[in-house]
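The chain contents come next:
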Amino acid sequence: MYVLLQRVSSTNKGKRALYKFNHRLSRRGYVGLMKDVCSETGASEDLVDRSELWKRARRMKNGGYDPETADIINKIVSNLNIVLYINVVKYDCFLFYVTGEAEKGG
């Protein structure tokens, strides 16, 4: 029985060593991170972007990222800017995009 547990453990250690982008959440996990983000921003869980959670989960204590992770973070940020630009152009007005209401005159 013990030999089987050792084999399973070593197999899982090998799989874990292949992970490229490790999170740094310790025991609180994504649920705790989601609660923190919701309390900071005041947004509901439905409105929190998954890419923001992914970025925050991989942030080190000093506020930086691993070099490999930083490359992915930069891609996420640039793609989000493109998506935001497309949505703003689609709505033709940034205020309408943010508030969901047409601008009221004078």
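One can find the structure itself at the top, above this paragraph.
Residues numbered from 1 in each chain as written. Predicted model: local features only at pLDDT ≥ 70, side-chain atom pairs only at ≥ 80, totals over all residues. Heavy atoms only, no water.

Caption draft 1: Spotlight on unusual backbone geometry. Positive phi values are uncommon outside glycine, yet S26 reaches one of about 50°. As for its position among the elements, S26 is in the loop between helix 1 (2–17) and helix 2 (29–41). (Helix = DSSP H or I, 4+ residues; strand = E, 2+ residues; numbered from the N terminus.)

Caption draft 2: Local environment of the pattern of salt bridges. Under the defined criterion, the tally for this structure stands at five salt bridges. The shortest N-O distance in the salt bridge between R24 and D66 comes to 2.9 Å. On the criterion of sequence distance, the pair formed by R24 in the loop between helix 1 and helix 2 and D66 in the loop between helix 3 (50–57) and helix 4 (67–91) is long-range, its members being 42 residues apart. Overall, the relative accessible area of 38% leaves R24 in the partly exposed class. (Salt bridge = Lys/Arg side-chain N within 4 Å of Asp/Glu carboxyl O. Buried < 20%, exposed > 50% of the residue type's maximum accessible area, 1.4 Å probe, protein only.)

Caption draft 3: Summary view of the environment of A57. Tracing the backbone shows A57 in helix 3. Given a relative accessible area of 0%, A57 falls into the buried group. When the C-alpha positions of A57 and R24 are compared, they lie 5.7 Å apart, and in sequence the two are 33 residues distant. Other than its neighbours up to four places away in sequence, A57 contacts H23, R24, L25, Y30 and L33. (Contact = heavy atoms within 4.5 Å.)

Caption draft 4: Looking closely at the side chain of R56. Along the polypeptide, R56 turns up in helix 3. In contact with R56, other than residues within four places in its own chain, are L33, V37 and E40.

Caption draft 5: Structural context of a nonpolar patch on the surface. On the surface, a nonpolar cluster with roughly 440 Å² of combined accessible area is contributed by M1, L4, L5 and V8. Considering the arrangement of structural elements, one finds L4 in helix 1. (Patch = residues over 30% accessible without salt bridge, like charges linked within 9 Å, V, L, I, M, F, W, Y side chains within 5 Å. Areas by Shrake-Rupley, 256 points an atom, 1.4 Å probe, with all protein chains shown as cover.)

Caption draft 6: The arrangement of the packing of helix 2 against helix 3 in detail. Where helix 2 meets helix 3, the closest approach of the two axes is 11 Å, and the angle between their N-to-C directions is 110°. With respect to helix 3, the element helix 2 is oriented roughly perpendicular. By crossing handedness, the relation of helix 2 to helix 3 is classed as right-handed. Facing Y30, L33, M34, V37 and E40 of helix 2, the residues of helix 3 in contact are L53, W54, R56 and A57. For the contact of helix 2 with helix 3, a count of residues per class yields seven nonpolar, no polar and two charged. (Axes fitted to C-alpha atoms, helices over the stretch in contact; angles between N-to-C directions. Parallel < 35°, antiparallel > 145°, perpendicular 65-115°, else oblique. Left-handed = near helix turned anticlockwise from the far one by under 90°. Nonpolar A, V, L, I, M, F, W, Y, C, P; charged D, E, K, R; others polar.)

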